[in-house]
Structures are given as C-alpha cells and as structure tokens.
Amino acid sequence: MSLKSTLARILHPVEKLVDRIKHRPNNTPLIEPYLGYATPETIVLRGRILSRQRRGAPKPDQGKWANFKQMLALFATDEVANVTISTGDTTTISDEEGYFTLVIPRPEKQSGWISVEIQLQDSPQETATLEALVPAPDATFGIISDIDDTMLETGAYSLARNLWTSLTGNALTRRVFPDSIALIDALHAGRNPVYYVSSSPWNLFHFLQTIFARSGLHKGPMFLRDLGLSETQFISGTHGDHKGSAIDQILTAHPDLPFVLIGDTGQHDAHVYLTAARTHSTQVKRVILREPGPGPDDDSKHAIKELQALGVRVDTGQTFSDLPELYSQRGGTWQAEADTIRPSAPKRSVSAASTSR
C-alpha cells in the first residue's frame, strides 16, 4: 500500500469526525454555484453544498496578515453531504465533500450562457441559478487555458513563491497578465468558447472569478481540484492527473471542435498537453506556452519536440506579446485562418529558442 493510501485510511475518519463537529444541523444548507458546460446532448451543471461560507471583503490597501487570514478562511469550508438538489424532474445528491453534478437535456437552438434554477429538495426556499456554457454554432475552435503563471501571476514554478503569492494577496491585488487578457480576447473572437483548468482547489472558485471579472478576462467554466480526503486517497490525484483528466473531459464533451491549449513551462504543462494530443489527435491543433522563471527544463523541451512531431504547432516565449494574434494590435497585419488554427503573420520562431536552450 502506498504512503498516500495509508494516510488516506488514517486521516479520512479524522476528517469525517471534524466535519460532524463543525456541521451545524440547524443551519439551512447553502448552494455554491459553479459554471457548467455542455455536451452534444446534455447540459452539465455543477456546484457545492455548504452549511456556511466564510468570505471577507478584501480591500486593496489591507496588509498581508489580513490577506492571509482571509485566504485561510476560504479553506475552512463546512460541506454538507447527502443533500438532494433538483431542477424540474432531475435530481442528484451531494457527495461526501458537498459537490454535486446535475445533468439535464441540452435545449435546442440555444447557445452562450444557459441559466437554470435549482433548489434543495428538503429546503425549497433555498435556490440558486446555475450557468453552463453552450458553444456558439459558428465557433471554429475552443480554448483551454491553465491559470497559474499562464493567466495569473503566481510563481507556481517555486513552491515557496507560490505559497507566498497565493496566501498574502487578495482578489483586488492579484495580477492577471495583460498579454493573457489580449490573447484570450483575440482567440475568443466573440464566438469561440474558453475553459480554464487549474490544480487550485474549488475553495478558490469565487476568489478566481472575482479576479477574472475585475481584470476583464473572458468568463469560462473552470475545472478546479478537490483537495478533500477519501477513504482510499490522500488528496485527489496529482497536478498532472487532475489537469489531464479535466482536459480529457472538455475535449470529449466537444468531439467536433478543435482546440488551442494554453499553459506554461513551470508545472509541466507540455507533458500534460502531449498526452492530450496523443489521446485526441484530431482535436489538439495548437499549444501556446509561457516560460516563467527559469524557463522549460529538459523534460519539457523534449515534450515540446514530441508535440511538434505529432504535427501540433507550439508557440513558446516569456510573454504572449509576439504571437501573431497580437501582432495586429501593434500596427501589423494579421489574417485569421480559424479552420486550421494556424494564423498567418510575421512570426517569431516557433519553439526554436526554447527547444535549443
């Protein structure tokens, strides 16, 4: 038995005992709504049931200690299991960490953000509106982007820097890279759906949504990570396992849509995207990687070469500013070739610098 499995078997009963002590049975459970997505036949709605929420109102000038306490409070969730959630004739039950998924038929001739009202079966006064993204019929490709050090400055390539940045900032001070906003705008083009994957826990969903909205980053379903314990697993999988599973889920839900994958070289995204390209060879058309900190290691460079050998276009660099999508914004010209996701414009060398370093 592995160390993680052993820890899970020991700590899971402890966590359940703590949950029973924390849970207040007289409280009406609350619905924390997440953003859902569509498959060709269904709408997948997602959320979590909590007994209460702890969210402080951040101030741009508050100190790091206040930020730290507010961030820790986001992890002190009181999740509620075995709650029945319904919409129309469809019901589901929250799992041991409070998460739930409702799957309903996809409405015909509707696209964009679909809103669905849900309620708790035992507390019908407790309702929430859940949203799910249905790609536009004229979408030519989809975009899947990592968050940390790709969209949001984090320093995830260094554990110490990652923890410091994550725990001492707040939703009003954390910085989204301006070139990421511009890139997502250009790729979205008013019709192409955007999805975000991250190993950050679901506890940070509202926090990240607030940052994205403040920064003007396009709204999209997030696929975050459950850090809870189960009877057999100490924390839910590895970074790569989670991200790869999320990407597989998105690509499988959109079998006829090609995709651009955006990430960075600090957390082995090239390896995860290589696996996705091998599994979904007709869908992964392009990979764009930011190079934070020291840049790609040898393993990442090898994965980039493997991606190129599969016929996937790979763009890498310390910023996204030299990508052809952003060239026209600096006074150049650019012609979109959306069907192949291979824009034509004066380009920097694709991955040459990175793979030769």
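Here the structure is a predicted model, which means the values were calculated and not measured.

About the thresholds
- Residues numbered from 1 in each chain as written.
- Predicted model: local features only at pLDDT ≥ 70, side-chain atom pairs only at ≥ 80, totals over all residues.
- Heavy atoms only, no water.
- Buried < 20%, exposed > 50% of the residue type's maximum accessible area, 1.4 Å probe, protein only.
- Helix = DSSP H or I, 4+ residues; strand = E, 2+ residues; numbered from the N terminus.
- Pairing = 2+ DSSP bridges.
- Right-handed = clockwise from strand over helix to strand, strands pointing away.
- Core = buried A, V, L, I, M, F, W, Y, C linked by side-chain atoms within 4.5 Å.
- Axes fitted to C-alpha atoms, helices over the stretch in contact; angles between N-to-C directions.
- Contact = heavy atoms within 4.5 Å.

(A) Layout of the pairing of strand β14 (residues 313-317). In terms of burial, β14 is a largely internal element, five of the five residues being buried. Residues R313, D315 and G317 line one face of β14 and the alternating positions V314 and T316 line the opposite face, and both faces are buried. As defined by bridge partners, strand β13 (residues 284-290) adjoins β14 across five bridges and the pair is classed as parallel. Its bridge partner being in β14, R286 is matched across the sheet by R313. After leaving β13, the chain enters helix α8 (residues 298-309) and then returns to the sheet as β14, a path that is right-handed.

(B) Molecular detail of the nonpolar core. Membership of the largest hydrophobic core comes to 35 residues, with the highest contact counts inside it found for I147, I184, Y196, L208, L217, M222 and I262. Sorting the residues of this core by element identifies α2 (64-74), α4 (178-188), β10 (194-201), α5 (205-215), β11 (222-225) and β12 (259-264) as the ones contributing at least two each. Ranked by residues supplied to this core, first place goes to α4 with six residues. L133, I247, I250 and V287 belong to the second-largest nonpolar core, a separate cluster that totals 30 residues.

(C) Up close: the sheet that holds β10. What the six strands build is an open sheet, ordered β11-β10-β9-β12-β13-β14; its pairing is parallel. Of all strands in the sheet, those bounded by a partner on one side alone are β11 and β14. Neighbour-to-neighbour, the strand axes of the sheet open up by a mean angle of 15°, direction not taken into account. Pairing of strand β9 (residues 142-146) with β12, which is carried by four bridges, proceeds in the parallel orientation. Across the sheet, residue S145 finds its bridge partner in β12, namely I262. Strand contacts of α4: β9, β10, β12 and β13, with the helix running at about 175° to β12, the strand carrying the most contacts. Contacting β10 and β11, α5 crosses the sheet at an angle of about 140° to β11.

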